[in-house]
Amino acid sequence: MDLGRLAPCTRRAAAVLLLGGALAGCVAEPDETPSPQGSGAAGQAGAPEEELWHLAEAMGTPRAGHTATPLPDGRVLMVGGGGWMAPPTAGAELYVPERGAFLPAAPMREARGKHTATLLPSGEVLVAGGNQCDWGGPLATAELYDPERDAWRAAAPMETARTWHTATLLEDGRVLVTGGIDCASVAMTSAAEVYDRTTDTWTPTGAMIASRGMHTATPLEDGRVLVAGGFHVEGGAALPLQTTEVYDPETGTFSPGPVLGERRVFHAAALLRDGRALLAGGGPNYSVSADIYDARGGPAITPAGPLEVHRAIAASTLLAGGEVLVAGGTYPDIDTLAEAFDPATGRWAPAGWLRVARYLGTATLLGSGEVLVAGGFPTPAYWNLVDTMPSEMHASAELFRPRTGGAVCARAFECRSGSCVDGACACASVDHCAAGSVCDLSGRCVPRPSDQDLSGCSLPAGAPPGGAAAPWLAAGLAALLAARRREARRPTTSSPRPAPGAAPRSAEPGAARSRPSPSPP
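For every chain, the first residue of the written sequence is number 1, and numbering continues from 1 along that sequence. Confidence filtering applies because this is a predicted model: local features only for residues at pLDDT of at least 70, side-chain atom pairs given and counted only at 80 or more, and all residues used for totals across whole chains, interfaces and linings. Processing note: side-chain calculations cover all non-hydrogen atoms of the structure and skip hydrogens and water entirely.

1. Digging into the state of the cysteines
Short version of the rule: The rule for a disulfide is simple: a pair of cysteine sulfur atoms within 2.5 Å. The helix and strand labels rest on DSSP assignments: H or I over at least four residues marks a helix, E over at least two residues marks a strand, and numbering proceeds from the N terminus. Whether a residue is buried, partly exposed or exposed follows from its accessible area with a 1.4 Å probe, protein chains only, as a fraction of its type maximum: under 20%, in between, or over 50%, in that order.
One pass over the full model with this rule turns up four disulfides. The partner cysteine of C409 in its disulfide is C420, sulfur to sulfur 2.0 Å. The sign of the 95° torsion about the S-S bond sets the C409-C420 disulfide as right-handed. You can see C409 sitting in the loop between β34 (397–400) and β35 (420–421) and its partner C420 sitting in strand β35, a full eleven residues away along the chain. Given the relative accessible area of 7%, C409 is considered buried. Classification of C420 by relative accessible area gives partly exposed; the value is 26%. One disulfide in the model links C433 with C445; its S-S distance is 2.0 Å. One quick way to see it: the torsion about the S-S bond of C433 and C445 is about -85°, and its sign makes the bridge left-handed. One end of the pair, C433, is in the loop between β36 (424–425) and β37 (437–439); the other, C445, is in strand β38 (residues 445–447), and twelve residues separate them in sequence. Per residue, the accessibility class of C433 equals that of C445, and both read buried.

2. Focus on the sheet that holds strand β5 (residues 101–105)
Two strands in a sheet stick together by hydrogen bonds in their backbones, pointing the same way (parallel) or opposite ways (antiparallel). Counted only if it meets this: One bridge is not enough; two strands pair if DSSP finds at least two bridges between them. To define axes, lines are fitted to C-alpha atoms, for helices over the stretch in contact only, and angles between the resulting N-to-C directions are given on a 0 to 180 degree scale.
In spatial order, the strands read β2-β3-β4-β5; together these four strands make up an open sheet with antiparallel pairing. The open sheet has two edge strands with one neighbour each: β2 (67–70) and β5. Across the sheet, the mean angle separating the axes of adjacent strands is 25° when strand polarity is ignored. Where β2 meets strand β3 (residues 76–79), four bridges bridge the pair, whose relative direction is antiparallel. Each residue of the ladder has a partner; that of P70, found in β3, is V76.

And the structure:
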C-alpha cells in the first residue's frame, strides 16, 4: 500500500494500523503474492507434513530401567539403569536442550536401576532404592544430586529396602515412597514411608491396604495420592491387582479407592489438567483399555477410549497442551506407533512413529514443548522368556517435535502452537514458525520482511491463533482502500509531483534510516 498517496489523516490512521500489526508480531501489510505453501490458510493442501519424531544425539551409556528428571534450568538428568541380565550402573549424564547433546555428569555413589528419582523444591534430586534381586537385592540407600555443583552426597537410608517402588512429591515438599519388591521374603511390600529433606529423615507412615510393586502413584489436585494396580504376591504367585487406594498426607493413612476396569501392572498413569487421573494399558495382558479416576462428586472409575495399540511398560508424559503422550511398550513385540490421549474427547489418536522400537525407556517434556524419549530395550519383555544382554540396551534417544506453523496437521497436539486450523498448524508467535518466518495476524507463518525485525512479536492479547485477529485487520485495510478510492476521485491539488529523477525532500531530523536486514530469528 502506498501511504504517500493518502491524505494526512488517512496516512496517520494507516500508520497506526500497520504499526499495530507489526507490534502484534505480524506482517500487517497485505501481500498480493500467493500465500506461501503451508501458510495455515484454509485449503492449503500442499502444506508440508513435517515428521513428528527425530533422532537425537545418543546417550553416552546404554540404559534401561533408568530415570530421567527435568531440572529447573531445563536440563534433564539421566541416572543409572540396568538390564534383566545386565549389572546396574552408577553413571549419570545431562541432556542439554540448547546443545541437543548429552554431557557427562558426576556418577552416583552407588550403582542402581529400577530406582526412583524425585526433584525436590530445593532443586536437588532425591534418588532412592532400586536394583534387581539377582544383583545383590533391593537397596535401602538414598542419595541427593546437586545440579549447581554436579555432585552427589549420601541421604539417610530408607526404613525398607525396595525396588520397582514409587516416589511421589507431596504438596509440603516431602516425598512419599510406596511398595516395591522385598527380595528377602520373595514378595511385594505394603510398607510406605515419607522423606523430609529439611531433617534428612525417613518416617514410616500407614501401610498400604495391599502389598504391591510395579504399580503407579499419581498425585491428585487435593494433595492426596492415588495408588493403582501393580503385582501382588499370593501363594507364591505374582498376581496383577485391580484395586486402588488413596493416601491422605494429613492423616498418614491409605483408604480404599474404586476398582479399575481391569487388572493393571506396568501401566501408564498421569494427572490431567482438569484434576482427573488417566490409567492406561499395562500387562500382563497388554491391555488397550484405559480408565479415568475422578474424585469429583465421589471417587469413581469410568472407561476412556481404548488405546490404538496393546502395550505395557511404555514411556509416557503430559504434553504442554494437556494431552498424554505414550510411546513404546510391548505386545509381545514392540510397536513404534506413539499415541496421545485427548482429555476433551476421551479418545486416543496416532502421534507419529518412533524411530527406534523400545520399552522401559523414559519420556520427558522439555521447556520447548518437545519430548525427549531415551533408552530402553529393543526386544520383548522378560515375561516372554526373552533375555536381553547388556549390549542390547539402547543408548539412542529421539525427540517428539510438534510441527511448525503451516505444516499439515490433524490434531492440535501435533502443532507447536497447540492449534490446528483447517488442516494446517496455526501460529501465535515466531516461536511457532520455522527460521526466517514470522506469524501474521491471521495465525499464518509467512516470510519475515527484510526491513523489519519481528523476532519478538506475537499475536495481540486475547487473539487465539488461527485467524481470530484477521477480521479487524481486514476491516481496517478495507476502510483505507475505500479512503484511497475517494481521494482518487477528488480534484488534484496545485502541488506538483516531483519530476522524475528530482531529489526528494530532505528527511526530518531524527527520521529513521534504512538498516541492514537482521538475521533470521
